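These are the residues of each chain, in order.
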Protein chains: 2
Amino acid sequence: MQRTVFFISDGTAITTETLGHSLLTQFPNVAFSQIRIPFVDSPEKAAETVSRINQACEENDAAAIVFLSIIDDDTRAVFYRSKGVILDLFADFIDTLEFALGVAPQATVGQAHGVADEARYEDRIEATNYALSHDDGISLSYENSDLILVGISRTGKTPTCLYMALHFGVKAANYPLTGHDLESQRLPEQLRRNKHKIVGLMIDADRLAQIRETRKPGSRYASMKQCHWEVDAAESLLRSAGIATVHTTHSSIEEIASRVLAHLGMQREMY
Amino acid sequence: MQRTVFFISDGTAITTETLGHSLLTQFPNVAFSQIRIPFVDSPEKAAETVSRINQACEENDAAAIVFLSIIDDDTRAVFYRSKGVILDLFADFIDTLEFALGVAPQATVGQAHGVADEARYEDRIEATNYALSHDDGISLSYENSDLILVGISRTGKTPTCLYMALHFGVKAANYPLTGHDLESQRLPEQLRRNKHKIVGLMIDADRLAQIRETRKPGSRYASMKQCHWEVDAAESLLRSAGIATVHTTHSSIEEIASRVLAHLGMQREMY
């Protein structure tokens, strides 16, 4: 069975698609063909989109699934005349919120990812620049960092730092544990001074070897022996230094980021 | 009026918070205090969380707003005994989907941002590495790039490339237009050869000067005269080269990314 799924929004449709994905994963046996349509902000654009929905319904000989985030009532209404099944991420919830808060909503289109607040936009950019200039041990000056990820190569430090910068405005540095650190079982002074900001990333040796193998096939770096040694040495170094760790094996970047922030007790609002 | 809002999930709660934010922006006159609680995956953890919700209700002397994404029925049920107003992002939609698809859902916890597919995880990481090694004109070899952003300094190229890498697995390079490019009104050969992959980022000169001023106060780089000259020269260069542009003034990173992908007709599924 083939079903077409539409993610439609007056904004970027990114929130819509993200929520849609998490719902669709509950139906692993259905083959979904997915189409994201952002910036549908007028009844005219809605009408064009409805044509595509109806066409998909005919081609699949089954109703298309339509995840909808449209604020304007007139634009939204157009979709209710389509042949698709509508999952409206706004209408019901806005009604519930209006009732609970006792105030009327103020329809503003596409605010989910708009620059409502330019200061916050600049925070994200600044945090991203920070992550880039403190990636991979480039700079060991951690005075302005919110947190520091340490770990051996290929534990997910860089993407996690960039993700936290982009989505939480967190200034995250990262430091790769070197052979010297692992052998001496001692962290550089700049890190020891900032222990309270550090979270260690750990990974299973088997998974590590697999990841490194795709990067440098047949290398000593990717060998099971080397990976086991590094993982064991990192574990004992971080334990004796009293640094909390997060395991990254089988975790997504979002999960790692979420666990790191929880570990440090950081309640940052998302961008 | 102060209201406490909870974003609660059995996964990272990132999707939950993102959707919650977009709904709350419709009520700009209410002061929300926001709390994200991830990884609530048992009735015991749910009970602890309900205590926090009830406490917030008492402190605010008003019902807390609870955005909920919990798949397990027993865990979810605990929240319906709280004093908060529940906005359940799963229950209703899953029922609608089950009905529309004619198959039962398979409850799997926290799949929204899990590593369902390790190959896709590696795509994200690889794309992130690509963005880093092709940032800011570091490398002009674009054979393997999916797209190239060009623009003058501070138009949002780097964060947009990193965002697209992390969320769409897109290999995005970026190239900063140099004084030489702008004066000669000619792009480097490596770019001209890859014209079909390029999108230009443009910005208003006033906004550009404001952004540059916070970075390098009082500099020639941040002066209105310099910003106007660069913006005009970039516009004419890109126009004569036949390169489509996206305006980044007052746009979020998500909006820029979304418009760039739409421009190139790329239908990438989100991670």
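Residues numbered from 1 in each chain as written. Chains lettered and ligands numbered in written order. Predicted model: local features only at pLDDT ≥ 70, side-chain atom pairs only at ≥ 80, totals over all residues.

### Considerations on the overall build of chain A
Right, on to step 1. A count of helices and strands for chain A gives 11 helices and 8 strands.
Right, on to step 2. Whereas a compact globule of 271 residues would reach a radius of gyration of roughly 18 Å, chain A reaches 24 Å, over 25% beyond that.
Right, on to step 3. Taking the principal axes of its C-alpha atoms as reference, chain A extends roughly 70 × 45 × 30 Å.
Right, on to step 4. Counting contacts in chain A only where the partners sit at least 6 residues apart, residues at least 24 apart contribute 70% of the total. (Helix = DSSP H or I, 4+ residues; strand = E, 2+ residues; numbered from the N terminus. Rg over C-alpha atoms; globule rule 2.2 N^0.38 Å. Contact = placed C-beta atoms within 7 Å.)

### Some thoughts on the sheet that holds strand β6 (residues 172–176) of chain A
Residue and element names in this part refer to chain A.
Right, on to step 1. Spatially, the 4 strands line up as an open sheet ordered β6-β5-β7-β8, and their pairing is parallel. A single partner strand is all that each edge strand has here, and the edge strands are β6 and β8 (245–247). Adjacent strand axes in the sheet meet at a mean angle of 30 degrees when their direction is disregarded.
Right, on to step 2. Here strand β7 (residues 198–202) runs beside β8; their pairing, made up of 3 bridges, is parallel. Following the sheet pairing, methionine 202 is matched in β8 by histidine 247. (Pairing = 2+ DSSP bridges. Axes fitted to C-alpha atoms, helices over the stretch in contact; angles between N-to-C directions.)

### Here's the deal with the interface of chain A and chain B
Right, on to step 1. Taken together, the contact pairs 64 residues of chain A with 64 residues of chain B.
Right, on to step 2. Within the residue set of the side of chain A that touches chain B, elements represented by two or more residues are α1 (14–24), β2 (31–37), β4 (85–88), α4 (91–101), α5 (118–133), α6 (157–168) and α11 (253–263) of chain A.
Right, on to step 3. If you tally residues by element for the side of chain A that touches chain B, the top one is α1(A), at 8 residues.
Right, on to step 4. For the side of chain A that touches chain B, a count of residues per class yields 33 nonpolar, 23 polar and 8 charged. (Nonpolar A, V, L, I, M, F, W, Y, C, P; charged D, E, K, R; others polar.)

### Some words on the relation of the copies chain A and chain B
Right, on to step 1. The transform that puts chain A on chain B rotates by 180 degrees and translates by 0.0 Å along the axis, for an RMSD of 0.0 Å. Here the copies are linked by what is in effect a two-fold axis.
Right, on to step 2. A share of 100% of interface residues in chain A that are also interface residues in chain B marks the association as one of identical surfaces. (Least-squares fit on C-alpha atoms with pLDDT ≥ 70 in both.)

### Concerning helix α9 (residues 205–215) of chain B
Every α-helical turn comprises 3.6 residues, leaving residues that sit three or four positions apart pointing alike.
All names here are of chain B.
Right, on to step 1. Listed as buried for α9 are Leu208, Ala209, Ile211 and Arg212. The buried side chains of α9 occupy one side of the element, clustering within an arc of 165 degrees when seen end-on.
Right, on to step 2. Those residues of α9 that are buried are in contact with α10 (224–240). (Buried ≥ 20, exposed ≤ 12 C-beta atoms within 10 Å, placed from the backbone. Arc of directions from axis to C-beta.)

### Digging into the nonpolar core
Right, on to step 1. Counting residues in each nonpolar core, the largest one holds 84 residues, and the members touching the most others are A:Ala165, A:Ala172, B:Ala165 and B:Ala172.
Right, on to step 2. In this structure A:Ala172 touches A:Ala131, A:Ser145, A:Asp146, A:Leu147, A:Leu149, A:Cys161, A:Met164 and A:Ala165, once residues within four positions along its chain are discounted.
Right, on to step 3. Membership of the second largest hydrophobic core comes to 66 residues, among which are A:Ala46, B:Leu23, B:Phe67 and B:Leu101. (Core = buried A, V, L, I, M, F, W, Y, C linked by C-beta atoms within 7 Å.)

### A few points about the domain arrangement of chain A
Right, on to step 1. By the assigned domains, chain A splits into domain 1 (2–101) and domain 2 (118–263).
Right, on to step 2. One C-alpha centre belongs to domain 1 of chain A, the other to domain 2 of chain A; they are set 39 Å apart. (Domains from an automatic or database assignment.)

### Topic: the environment of B:Ile37
Residues and elements named next belong to chain B.
Right, on to step 1. Locating isoleucine 37 in the fold gives a position in strand β2 (residues 31–37).
Right, on to step 2. In this structure the C-alpha to C-alpha distance between isoleucine 37 and valine 150, which are 113 residues apart in sequence, comes to 40 Å.
Right, on to step 3. Contacts of isoleucine 37, omitting those with residues within four sequence positions, involve Phe6, Ile8, Ala13 and Thr49.

### Examining the sheet that holds strand β5 (residues 147–151) of chain B
Residue and element names in this part refer to chain B.
Right, on to step 1. Sheet architecture is open: 4 strands sit in the order β6-β5-β7-β8, paired in parallel fashion. Every other strand in the sheet has two partners, leaving β6 (172–176) and β8 (245–247) as the edge strands with one partner each. Across the sheet, the mean angle separating the axes of adjacent strands is 30 degrees when strand polarity is ignored.
Right, on to step 2. Relative to β6, helix α6 (residues 157–168) is tilted by about 175 degrees, and along the sheet it contacts β5, β6 and β7 (198–202).
Right, on to step 3. Against the sheet, helix α11 (residues 253–263) touches β5, β7 and β8, its axis set at about 160 degrees to β8.

### Examining the environment of B:Val5
All names here are of chain B.
Right, on to step 1. Checked against the element boundaries, valine 5 lands in strand β1 (residues 2–9).
Right, on to step 2. A count of 24 C-beta atoms within 10 Å places valine 5 in the buried class.
Right, on to step 3. Spatially, the C-alpha atoms of valine 5 and arginine 259 are 31 Å apart, while their sequence positions differ by 254 residues.
Right, on to step 4. When near neighbours in sequence (up to four residues on either side) are disregarded, valine 5 contacts Gly20, Leu24, Phe32, Gln34, Ala64 and Ile65.

### Describing the pairing of strand β4 (residues 85–88) of chain B
All names here are of chain B.
Right, on to step 1. Both strand β3 (residues 65–69) and β4 contribute to a ladder of 4 bridges, which runs parallel. What sits directly across from leucine 68, in β4, is aspartate 88.
Right, on to step 2. For the segment spanning β3, helix α3 (residues 73–79) and β4, crossover handedness is right-handed. (Right-handed = clockwise from strand over helix to strand, strands pointing away.)

### Some details on the packing of α5(A) against α6(A)
All names here are of chain A.
Right, on to step 1. The N-to-C vectors of α5 and α6 enclose an angle of 165 degrees; their axes lie 7 Å apart at closest approach. Taken together, the axis directions place α5 and α6 in an arrangement best described as roughly antiparallel. Judged by the sense of rotation from one axis to the other, the crossing of α5 with α6 is right-handed. Mapping the contact onto sequence places Arg124, Ala127, Thr128, Tyr130 and Ala131 in α5 and Cys161, Leu162, Ala165 and Leu166 in α6.
Right, on to step 2. Class assignment of the residues belonging to the contact of α5 with α6 gives a composition of 7 nonpolar, 1 polar and 1 charged. (Parallel < 35°, antiparallel > 145°, perpendicular 65-115°, else oblique. Left-handed = near helix turned anticlockwise from the far one by under 90°.)

### Overview of the packing of helix α9 (residues 205–215) of chain A against helix α10 (residues 224–241) of chain A
Residues and elements named next belong to chain A.
Right, on to step 1. Close contact between α9 and α10 brings their axes to 9 Å; oriented N to C, the two are set at 130 degrees. In terms of orientation, α9 lies oblique with respect to α10. At the point where α9 passes α10, the crossing takes the right-handed sense. Together, Ala205, Leu208, Ala209 and Arg212 of α9 and Met224, Cys227, His228 and Val231 of α10 make up the contact between the two elements.

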